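# Per-entry structural report
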Amino acid sequence: MELAYVCEWEKRPKSTHCPSIPLVCSWSCRNLVAFTTDLKNEDDDKDVSHMIHIIDTEHPWDVYSINSGHTEVISCLEWDQSGSRLLSADGDGQIKCWSMSDHLVNSWESVLSSSLDGDPIVALSWLHNGVKLALHVEMSGSTNFGEKFSRVKFSPSLTLFGGKPMEGWMAVTVSGLVTVSLLKPGGALLTASESLCRLRGRVALADIAFTGGGNIVVAATDGSSSSPVQFYKVVVSVVSEKCRIDTELLPSLFLRCTTDPLRREKYPAVTHLKFLTRENSEQVLLCASNQSGSIVECWSLRKEGLPVNNIFQHRSPVVGEKQPTILKWRILTTTNDLERVSAVALPKLPISISNTDLKVASDTKFCPGLGLALAFHDGSIQILHRLSLHTMGVFYGSSSSNQRPGDESALKRQRTGGPALHFKALQFSWTSLALCGVDNHGKLHMLRVSPSMGQVLEMNTTLRHLLFLLEYCMVTGYDWWDVLLHVQPTMVHNLVEKLHEEYMRQNQALQQVLATRIVAVKASLCKLSTATAARACDFHAKLLLIAISSTLKSLLRPHVLNTPDKSPGDRLTEICAKNTDTDIDKVMINLKTEDFVLDGPPLQSLQQLIQWVGDFVLYLLANLPNQGSMVRPGFGFMRDGASLGMLREMLVMIRIWGLLKPGCLPTFTATSDNQDSMQLLFRLLTKLWICSRDDGPPQEPDETLIDECCLLPSQLLVPSMDWLPVNDGIIVKLQGKHPLRLQFGKASSLPGGGAAPLEVFTRSPGSQKMDNLRCVHMGVTPTEESKACTRCGCVTMLRSPNKTNAMKQWEQRWIKNCLCGGLWRRIPPTLT
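Not measured: the values here are computed from a predicted model. (Residues numbered from 1 in each chain as written. Predicted model: local features only at pLDDT ≥ 70, side-chain atom pairs only at ≥ 80, totals over all residues. Heavy atoms only, no water.)

### Description of the pairing of strand E6 (residues 74-79)
For a regular strand, side-chain orientation follows a simple rule: the groups alternate between the two sheet faces. Sheet analysis places E6 next to strand E7 (residues 85-90), joined by 5 bridges and oriented antiparallel. Paired with Ile 74 across the strands is Asp 90, a residue of E7. (Pairing = 2+ DSSP bridges. Helix = DSSP H or I, 4+ residues; strand = E, 2+ residues; numbered from the N terminus.)

Written out as structure tokens, the structure reads:
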């Protein structure tokens, strides 16, 4: 385990965080990290700004800070299941729901809120949406994704008509109240509160978990280790348009350390209470502490037989009668005396903990999801096995190792015995391959967590582990940034090939669902190595090609509405696949041209996308003679029969539209006035496509085709293709083992990458800036506000310059996510 990067505030407040101020951080499935700080005014100690900071892990210096408006210290932060909304709660009972403004990760607004005035919130959670996956390590060698990642039968906390889950959140207060806020379909908020039990008492710590039957379980303690840890079942329902909450007392437990005569008075306070996973209410983790040390216990709820009195032992048993059972908490394991625990992080990866899965995970040294992290006051972090609590890995942090060169303050703190650097909040990523934490000085740290916890593995085993987690991210839609932290440049080619093999083994329906997602995963992998960087260009171009093809085909409508056969787009694909004619006009004859009749305005407004298709075909063919190595962009398309067939279909479609509206045709700069550019490109493209068709053996392009492609630059002006947006993210910089130190607001402090970038990645200061989605130039110094993808760096204008419906439909496809599925962040005009 190692430190990946440390972020520090550019301007740190004079009054640093004192140890009594609780800091909170939370990591979403889209790799957004939210954390809190409380900044005091230098002039007035009472004037405190309770700040929420949100970063995406690929651009950690680009922090979006929100003055939350909370009047007390923020105690809880919780992301929703989609990673696009955030709940914050404070010590005054205020709960706020934050959502992205214009779907930008660095623009947030508070849209909804609820309040229990003066009643501090100690636990907060979104209601469960009923989606639960189990990850089976035992089946990691299976060819079927459905066997590796199975859907578990799980009921939502509350359902609407038709079984749709109702959204909302739930909180527990310090006075023993449970409050639920439900989001009605119209946007209104339905709120209700109820006492956890009849005799309300102080709740110092609480946690929330969900059961498969749709119930909610709350664990609560008053903070004293001699008091019982209470458990409550909470059932939420809507009756007569009002929210109703029913609670029921469940079996409770006493900590083992208080029943041990040697430790009865040693650990007086319960400092941490957590369910091991939010979908498992039958296992709980408890930490009791004193001023200098802690002890951690893991408990499990078991069903046990109730002993029968001897009077009834000799009675003849009734047929079918079962022994009565009772639910009882049993201790699974406990640790020895530890340093004082300052923070706990639990894994989010839903690994199956059946005996066979645990045995395979142990044999193959597959550790993600099996370890929980404890941070201690001496600055160290230990990863413990979630069931046995034995140590799996240790990170030793200290004030001296984390200081900057020449930073004397850390040395002074050590000499004077001041507060040591330690984590006050800690969170695992969604694949458990990274940890982020906030220390007691307000710095944000990111740590790599090895899939094997540092144990040496064969390369094939390491690749299999990373491949397994990449497949999991593909199936769930979660971001795979934390998996890329562990991919070395030498692994990239093998990972891409193996990922493709596994994808091709899935059924046709699942392949269609994952078609664009796998291309995006391959593109992010290929950027990590200079040997495969050109292939990242190809994958990005393929994403754009798929999107343009589906958009243009969606414009086609059958001439007669009640036609029972295939749609015009499907017929076009079928005819183009069968017809190997190199003359574009002869292919057109077989099509019903009336199905392609469109009004002029839609075609004209999509001209820049049509132009990109024409330029792309010209670029590919002109570079065919130079494809001697895999380094050059475009190589991946030379053997890709499906993509070449897609380009061929679009050229036919564009040719027909050009007869109706000549203004929509792509423009080429030709050396001859009577040159039919479309005819020429279609002929050469068809010859190349025949060499790589799926239904025939692959062939090498013949000499005649290569000679004709050599002549292309003398017949048509070949455009330069800016396929790949310039990605300024951090992931390529993290391949080395040395920690990076960054500052918020200072992207320029990034050290340069090891190898020189390829020519296709470099942009001169005076070059035209591209809108990568609209395929238009924005000028050398754009004045329009723009947004960039957090994953691939794709840039597009924030506001649409087009008013036509066809272009608006194209832009609406990318309003929430980029082509690659990444999130958008606003970039100021000077940085575009």
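Alright, that's what it looks like, and here's the rest.
### Some remarks on unusual backbone geometry
The backbone of Lys 365 shows a phi angle near 60 degrees, a positive value even though the residue is not glycine. Among the secondary structure elements, Lys 365 is positioned in the loop between helix H3 (355-364) and strand E26 (371-376). Classification of Lys 365 by relative accessible area gives partly exposed; the value is 28%. Look at Ser 432: it is not a glycine, yet its phi comes out positive at around 65 degrees. Among the secondary structure elements, Ser 432 is positioned in the loop between strand E29 (423-428) and strand E30 (434-439). (Buried < 20%, exposed > 50% of the residue type's maximum accessible area, 1.4 Å probe, protein only.)

### A closer look at empty space enclosed by the protein
Which parts of space are left empty comes out when a probe the size of a water molecule is rolled across the atoms. Applying the stated criterion to the full structure yields 4 cavities of 30 Å³ or more. In this structure, the largest cavity occupies an estimated 280 Å³ of space. Lining the largest cavity we find 26 residues, and of these Glu 58, Asp 479, Trp 481, Thr 790 and Arg 791 sit closest to its centre. Breaking the lining of the largest cavity down by element, the ones donating at least two residues are helix H6 (481-484) and helix H8 (508-526). Here the residues of the lining of the largest cavity sort into 12 nonpolar, 8 polar and 6 charged. (1 Å grid on protein atoms, 1.4 Å probe; cavity = no way out; pocket = protein on both sides within 12 Å on 5 of 7 lines; lining within 4 Å. Points joined across faces, edges and corners; volume = space filled by probe spheres on them. Nonpolar A, V, L, I, M, F, W, Y, C, P; charged D, E, K, R; others polar.)

### Side note on the environment of Leu 681
The topology assignment puts Leu 681 in helix H15 (residues 677-691). Owing to a relative accessible area of 1%, Leu 681 belongs among the buried residues under this scheme. For the pair Leu 681 and Cys 709, spaced 28 residues apart in sequence, the C-alpha separation works out to 9.6 Å. Excluding its chain neighbours within four sequence positions, the residues that come into contact with Leu 681 are Gly 614, Val 617, Leu 618, Leu 621, Leu 651, Phe 668, Leu 712 and Leu 716. (Contact = heavy atoms within 4.5 Å.)

### Digging into the sheet that holds strand E28 (residues 391-395)
Strands sit in the order E25-E26-E27-E28 across an open sheet of 4 strands; the sheet is antiparallel. Two strands in the sheet have a free side with no partner beyond their single neighbour: strand E25 (341-345) and E28. Neighbour to neighbour, the strand axes of the sheet diverge by 20 degrees on average, direction disregarded. (Axes fitted to C-alpha atoms, helices over the stretch in contact; angles between N-to-C directions.)

### Details of the sheet that holds E7
Within the open sheet, the 4 strands sit side by side as E6-E7-E8-E9. Their pairing is antiparallel. Looking at which strands have only one partner, the edges of the open sheet turn out to be E6 and strand E9 (108-115). Across this sheet, the average inter-strand angle for adjacent strands is 20 degrees, counted without regard to direction.

### Overview of the pairing of strand E18 (residues 229-239)
Summarising the sheet, strand E17 (residues 216-221) and E18 pair through 5 bridges and their orientation is antiparallel. Across the sheet, residue Val 218 finds its bridge partner in E18, namely Tyr 232. Relative to strand E19 (residues 242-253), E18 runs antiparallel, the two sharing 10 bridges. Among the inter-strand pairings, Val 235 is bridged to a residue of E19, identified as Asp 246. In this antiparallel pair of consecutive strands, E18 and E19, the connection spans 2 residues, and Ser 240 shows a positive phi of 55 degrees.

### Some points on the confidence of the model for the protein chain
Of the residues in the protein chain, 87% reach a pLDDT of 70 or more, and the chain-wide mean stands at 84. Across residues 9-20, where pLDDT falls below 50, the model places 27 contacts with residues more than four positions away in sequence or in other chains. This model gives residues 398-418 a pLDDT under 50, and the stretch forms 20 contacts once residues within four places in sequence are excluded. (pLDDT = per-residue confidence, 0-100.)

### Quick look at the packing of helix H13 (residues 607-622) against H15
Remark: H13 packs on H15, axes separated minimally by 10 Å, with the N-to-C direction vectors making an angle of 60 degrees. Here H13 lies oblique to H15, going by the angle between them. Considering how the two elements wind past one another, H13 and H15 form a crossing that is left-handed. Contacts between H13 and H15 involve Gly 614, Val 617, Leu 618 and Leu 621 on the former and, on the latter, Leu 681, Leu 684, Leu 685 and Leu 688. When grouped by side-chain class, the residues that make up the contact of H13 with H15 number 7 nonpolar, 1 polar and no charged. (Parallel < 35°, antiparallel > 145°, perpendicular 65-115°, else oblique. Left-handed = near helix turned anticlockwise from the far one by under 90°.)

### Quick look at helix H10 (residues 568-578)
Every buried residue of H10 is listed here: Pro 568, Gly 569, Arg 571, Leu 572 and Cys 576. For H10, the angular spread of buried residues about the axis comes to 160 degrees, placing them on one side. Those residues of H10 that are buried lie in contact with helix H9 (533-554), helix H11 (584-589), helix H14 (641-660) and H15. (Arc of directions from axis to C-beta.)

### Focus: the environment of Ile 654
The topology assignment puts Ile 654 in helix H14. Classification of Ile 654 by relative accessible area gives buried; the value is 0%. Each C-alpha atom of the pair Ile 654 and Phe 596 lies 9.7 Å from the other, and the pair is 58 residues apart in sequence. Once you skip the residues sitting within four places of it in the chain, Ile 654 turns out to touch Ile 610, Val 613, Leu 665, Pro 666 and Met 678.

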